[in-house]
Amino acid sequence: MNIEYNDVMIEIFNRLPLKSLLRVRCVCKWWNQIISDPLFISNYSSCNPQYQVSGFYLQKYLFLRMYSGLRFIPCTSQVDAAPKPSLSFIDDENGVCIKHSCNGLLLCSSFRCHEEDRKYYICKPTTKQYMPLPGPQCKTVFGISIAFNPQNSPHYQVIGICDSKLSANHRQIMIYSSNTGCWRVSGNPFVVLDDFLFNRGVFWKGALHWVGRGESSLRFDVERELLHTMMMPPIPEGWAERRFEYFGESGGHLYLIENYGPKKAVFDVMEMNGDYFGWFVKYHVNLDGPLPAPFPLIPRHHQELHRRVFSVLHIVHRRVGERDESILVLHIPGDLTLYNLRDNTLMSLLTCVQ
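The rules we used
Residues numbered from 1 in each chain as written. Predicted model: local features only at pLDDT ≥ 70, side-chain atom pairs only at ≥ 80, totals over all residues. Heavy atoms only, no water. Pairing = 2+ DSSP bridges. Helix = DSSP H or I, 4+ residues; strand = E, 2+ residues; numbered from the N terminus. Axes fitted to C-alpha atoms, helices over the stretch in contact; angles between N-to-C directions. Core = buried A, V, L, I, M, F, W, Y, C linked by side-chain atoms within 4.5 Å. Buried < 20%, exposed > 50% of the residue type's maximum accessible area, 1.4 Å probe, protein only. Salt bridge = Lys/Arg side-chain N within 4 Å of Asp/Glu carboxyl O. Contact = heavy atoms within 4.5 Å. Phe/Tyr/Trp six-rings, centres within 6.5 Å; stacked < 30°, edge-to-face > 60°. Lys NZ or Arg CZ within 6 Å of the ring centre and 35° of its normal. Patch = residues over 30% accessible without salt bridge, like charges linked within 9 Å, V, L, I, M, F, W, Y side chains within 5 Å. Areas by Shrake-Rupley, 256 points an atom, 1.4 Å probe, with all protein chains shown as cover. Lys, Arg positive; Asp, Glu negative; His and termini not counted. Charge placed at Lys NZ, Arg CZ, Asp CG, Glu CD.

Under an unreviewed UniProt entry, the name given to the protein is F-box protein At5g07610-like, and the organism recorded is Juglans regia.

Here it is, written out as structure tokens:
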């Protein structure tokens, strides 16, 4: 095709509403190729901020189902901008589940299979596109994560924590780059003397972070390919091990929640200092007493909170007007609830998105 004509079509596509753009993508392979290009997607998002959707996926493992169930939970009012998610468009005889996610990309793998038969995929549920990845050359993958920042580059890296031939206590970092399309070894094997949660990596400030059950955690600078050790908060006296409730990133902030008894409904939300000087208490949460609620909640919700029958799914940090606010997304049996950490209000998530 003529380059000038191609530029004209890109200009036209940038001006289309999102739903129209998704429809014309099906007209021909050439249009689909233009609209699916990561650079076009990044430019379209910049030109049309009203279609940017912030949210997260909830994954539910279903008995005897080949594909895990998905639900997209929006963190903004743009609920209609994201289609209903599903992984059934990925063709895998063993089914598919999510292993990690980062800035709109999902890293998935075969679901019900042995490790040697596992396949990996990078996908975008919003466009139903996926790409198979070659497996890393190792026997065991202890953890695998995506590092992707579309504001810096359309390319992504997949970081694998693999076994090493040196010993059972050694681990080897391997990196897959979308730019080269292959895996390579990064650095030398390192000794693991603590129990790190390599299957729960979090990408923040250009690095992947893994918490540990002991005194230290790890971060891997993806660009420089350097592994650093960080200290974990001290374990309270009288407890033999850590009790993780949540570890994740939102709005440029890295959060950690550890929940120790006897009152599960009373805990601290900790945030990592931007210069990695350590963790500090950002919010103190007490769900054990009376709670104000701007929207009606059935009495059972308060009862479940008081009985400590809940879990923290996510922390949403967002800008509202001229102020920042952080919201806990809580799972109460049968429902999802939002708790505003700034004004201590509670509301039903279903009420918010209707």
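Picking up after the structure, the text goes on.
Participant: I keep staring at the sheet that holds strand β7 (residues 141–147) and nothing clicks. Help me out?
Facilitator: Within a sheet, neighbouring strands are paired by backbone hydrogen bonds and run either parallel or antiparallel to one another. Pairing in this open sheet of four strands is antiparallel, and the strands run β7-β8-β9-β10 from one edge to the other. Only two strands of the sheet have a single neighbouring strand rather than two, namely β7 and β10 (182–191). Each adjacent strand pair in this sheet contributes to an overall mean axis angle of 20 degrees, direction not counted. The pairing of strand β8 (residues 157–163) with strand β9 (residues 170–177) spans seven bridges and is antiparallel. Bridging from a neighbouring strand, Cys 162 pairs with Gln 172 of β9.

Participant: Before we go on, may I ask you to explain the nonpolar core in this structure?
Facilitator: What tends to happen in soluble globular proteins is that the nonpolar side chains get buried as a cluster. Judged by nonpolar contacts, the single largest core of 31 residues is most densely connected at Ile 122, Leu 133, Ile 146, Tyr 156, Val 158 and Phe 198. Elements with a minimum of two residues in this core: β4 (105–110), β5 (120–124), β7, β8, β9, β10, β12 (207–210) and β13 (216–221). Counting residues in each nonpolar core, the second largest holds 18 residues, with Tyr 255, Leu 287, Val 312 and Ile 315 among its members.

Participant: How should I be thinking about the pattern of salt bridges in this particular structure?
Facilitator: One side chain can pair with another of opposite charge once the charged atoms of both are near each other. Per the counting criterion, the structure on display carries seven salt bridges. The closest approach of N and O atoms between Asp 221 and Arg 224, which form a salt bridge, is 3.0 Å. Taking the relative accessible area as the measure of exposure, Asp 221 reaches 15% and is therefore buried. On the basis of relative accessible area, Arg 224 is assigned to the exposed category, the value being 58%. One salt bridge in this structure joins Glu 258 and Arg 242, with 2.8 Å as the shortest N-O distance.

Participant: Got a minute to help me understand the environment of Ile 35 in this structure?
Facilitator: Relative to the elements of secondary structure, Ile 35 occurs in helix α3 (residues 29–36). For the pair formed by Ile 35 and Phe 13, sequence separation is 22 residues and the distance between their alpha carbons is 7.7 Å. For Ile 35, the residues in contact, after removing those within four places along its chain, are Phe 13, Leu 21, Val 24, Arg 25, Phe 40 and Ile 41.

Participant: Got a minute to help me understand the sheet that holds strand β14 (residues 226–231) in this structure?
Facilitator: Reading across from one edge, β11-β12-β13-β14 is the order of the four strands in this open sheet, with antiparallel pairing throughout. With one partner strand each, in any of the chains shown, β11 (202–204) and β14 form the two edges of the open sheet. Within the sheet, the average angular offset between the axes of one strand and its neighbour, ignoring direction, is 30 degrees. By the bridge criterion, four bridges tie β12 to β13 in an arrangement that is antiparallel. Bridge pairing in β13 places His 209 opposite Arg 219.

Participant: Help me out: how do you make sense of unusual backbone geometry in this one?
Facilitator: Negative phi characterises most residues that are not glycine, and trans characterises most peptide bonds. At Asn 103, a position not held by glycine, the phi torsion is positive, near 50 degrees. Tracing the chain through its elements places Asn 103 in the loop between β3 (96–102) and β4. You can call Asn 103 partly exposed: its relative accessible area is 48%.

Participant: Quick question: what am I supposed to make of the packing of aromatic side chains here?
Facilitator: Aromatic ring pairs are defined here through the distance separating the ring centres and the angle between the ring planes. Here the structure, examined in full by the defined rule, presents eight aromatic pairs. A ring pair is formed by Phe 89 and Tyr 130, whose centres lie 6.1 Å apart and whose planes are at 50 degrees; its orientation type is tilted. With Phe 89 in the loop between β2 (69–74) and β3 and Tyr 130 in strand β6 (residues 129–133), this residue pair connects regions lying 41 residues apart in the sequence. With relative accessibility at 32%, the residue Tyr 130 sits in the partly exposed group. Ring pairing ties together the aromatic residues Phe 89, Tyr 121 and Tyr 130, which thus form one cluster. Against the face of Trp 204 rests Lys 205, its NZ or CZ located 5.3 Å from the ring centre. We note Arg 219 situated over the ring of Tyr 276; from NZ or CZ to the ring centre the distance is 3.8 Å.

Participant: Can you walk me through a negative patch on the surface in this structure?
Facilitator: A cluster of acidic side chains, namely Asp 91, Glu 93, Glu 116 and Asp 117, defines a negative patch on the protein surface. The residue Glu 116 is located in the loop between β4 and β5 in this model.

Participant: Before we go on, may I ask you to explain the side chain of Ser 186 in this structure?
Facilitator: Mapped onto the elements of the fold, Ser 186 is located in strand β10. Every residue in contact with Ser 186, bar those within four places of it in the chain, is listed here: Gln 172, Ile 173, Ile 175, Phe 220 and Glu 225.

Participant: What exactly am I supposed to notice about the pairing of β12 here?
Facilitator: Walk down a regular strand and you will see the side chains alternate between the two sheet faces. Residues Ala 207 and His 209 of β12 are buried on one face, and the alternating residues Leu 208 and Trp 210, pointing to the opposite face, are buried as well. Both β11 and β12 contribute to a ladder of three bridges, which runs antiparallel. Its bridge partner being in β12, Val 202 is matched across the sheet by His 209. Connecting the antiparallel pair β11 and β12 is a turn made up of two residues, with Lys 205 showing a positive phi of about 55 degrees. A loop of five residues connects β12 with β13, the two strands running antiparallel in sequence.

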